[in-house]
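# Report on the structure
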Amino acid sequence: MRIGAAKQSYEADAALFDTRTQRGWLVVLAAALAAFPFMADEYWLYLACLIAINVASATGLNILTGYTGLVSLGQAAFMGLGAYTVAILETRLGTPFALNLLAGGVVAMLGGIVVGIPSLRVKGLYLAISTIAASVLAHFLFANLAITGGTSGLSVPPARLFGVALDTSFRLYWLIVPVAALMLLGAANLFRTRIGRAFIAIRDRDISAEVLGIPLLRYKLLSFGLSSFYAGVAGGLWAYFFRVVTPESFPLIMSIFFLAAIIVGGMGTILGSVLGAVFMTLVPELLKLVVGWLPLSSGAALVLSPVRTIVFGALIVGFLIFEPHGLAEIWRRVRRYFHLWPFRT
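What comes next is a walk through the structure.

Let's shift gears to unusual backbone geometry. The residue F162 is not glycine, and still its phi comes out positive at about 55°. Mapping F162 onto the fold places it in the loop between β2 (159–161) and β3 (164–166).

This is the structure:
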């Protein structure tokens, strides 16, 4: 490394993009995302919007589990809180979508803070069980309250921007993807602050962090709140995207989906949230396409349908065995290889 390229300050060391190459690739990525909806068909636009929603929610869970070390299986419930808040505000008050998304995030954040109260006394599996209990309670409320529409749920009118209804995947793309990008940027900057460093200290050794003066309850509740806020906003985007919200829209399996996403992608990394969400969203679709291409009768295809789930689970287990640090670590190794080539790493 050239001496002039050495970092001379803490600000330079903590910079998100510290080289011209990184900034150049960021511009290329932004241009590709802007051009994508003009080249993609309806199916790929649908997948892009779904991936962006999953990225936003997985990033929130990574703040809590990957960076703070608190296991949660309630992410789907917090998404439900955000989705129902958006649906109620949109149908009853007709408030702007930006205000609805913010309100959905705040309501989910308050719910996350309540659920996070036991985190000072319980950890690991016991904390996960308490978040499962919160999911069951949320599902019960969604299915039995009159304001949520009971088991029938609520239909959500399309979001409107300057009088234009965002009622297609193409139009929703310009809402969902920028919001997800802003949330990613916010999470990346969070861990350049004192709050983010406190989260990491709690994850590494909570007793030592408390001895150093970090109030555990305050920061654990803050982590739960931020994670739930991300889930609430993602749930609001989900409501605008699918236009209907029911108690069955956010099952426990969805929480497991997001937990698997950050494990596969790489816990404790923002890149891991993105790669994990993309992987978990696309692999089932690819398996579905493979089964669809096989020359099978409708009965045989129905029998083989569960095989996709089995193969999907096997891929995740195998991935965790051979690369426990996730896709983000594979990406780092590839970068190191090209950075140091032709020398061996």
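A few words on a nonpolar patch on the surface. A surface patch of nonpolar side chains, about 730 Å² in accessible area, is lined by L271, I330, W331, V334, Y337, F338 and W341. Ranked by residues supplied to the nonpolar patch, first place goes to helix α14 (residues 327–340) with five residues. Turning to its location among the elements, Y337 is positioned in helix α14.

Between two packed helices, what matters for the description is the angle formed by their axes and the separation of those axes. Contact geometry for helix α4 (residues 75–93) and helix α10 (residues 216–242): axes closest at 6 Å, N-to-C directions at 50°. As judged from the angle between their axes, α4 and α10 are oblique. The element α4 and its partner α10 pack so that their crossing is right-handed. Between α4, through Q75, F78, M79, G82, A83, V86 and E90, and α10, the contact on the second element is made entirely by S227, S228, A231, G232, A234, G235, G236, W238, A239 and Y240. Among the residues forming the contact of α4 with α10, the class breakdown is nine nonpolar, seven polar and one charged.

Now for the environment of L47. Residue position: L47 is located in helix α3 (residues 42–67). Expressed as a C-alpha distance, the spacing of L47 and S169, which sit 122 residues apart in the sequence, is 9.3 Å. Beyond its immediate chain neighbours, meaning those up to four positions away, L47 contacts L282 and E285.

Grouped together as the largest cluster of nonpolar side chains are 87 residues, with contacts concentrated most on M79 and L175. It is α3 that provides the largest number of residues to this core, a total of 13 residues. For M79, the contacting residues outside a window of four places in its chain are I53, S57, A231, A234, G235, W238, F250, M254 and F258.

One pass over the structure, following the stated rule, counts five salt bridges. A salt bridge links E329 to R333; the shortest N-O distance between them is 4.0 Å. Taken as a pair, E329 and R333 lie in helix α14 at a separation of four residues, close to a single helical turn. For E329, a relative accessible area of 15% puts it in the buried group. Through salt bridges that share partners, E323, E329, R332 and R333 make up one connected network.

This part is about the side chain of T59. Inspection of the secondary structure assignment puts T59 in helix α3. By relative accessible area, which is 1% here, T59 ends up buried. Once you skip the residues sitting within four places of it in the chain, T59 turns out to touch L184, A187, Y230, I270 and S273.

Each value, and the rule that gives it
- Residues numbered from 1 in each chain as written.
- Predicted model: local features only at pLDDT ≥ 70, side-chain atom pairs only at ≥ 80, totals over all residues.
- Heavy atoms only, no water.
- Helix = DSSP H or I, 4+ residues; strand = E, 2+ residues; numbered from the N terminus.
- Patch = residues over 30% accessible without salt bridge, like charges linked within 9 Å, V, L, I, M, F, W, Y side chains within 5 Å.
- Areas by Shrake-Rupley, 256 points an atom, 1.4 Å probe, with all protein chains shown as cover.
- Salt bridge = Lys/Arg side-chain N within 4 Å of Asp/Glu carboxyl O.
- Axes fitted to C-alpha atoms, helices over the stretch in contact; angles between N-to-C directions.
- Parallel < 35°, antiparallel > 145°, perpendicular 65-115°, else oblique.
- Left-handed = near helix turned anticlockwise from the far one by under 90°.
- Contact = heavy atoms within 4.5 Å.
- Nonpolar A, V, L, I, M, F, W, Y, C, P; charged D, E, K, R; others polar.
- Core = buried A, V, L, I, M, F, W, Y, C linked by side-chain atoms within 4.5 Å.
- Buried < 20%, exposed > 50% of the residue type's maximum accessible area, 1.4 Å probe, protein only.

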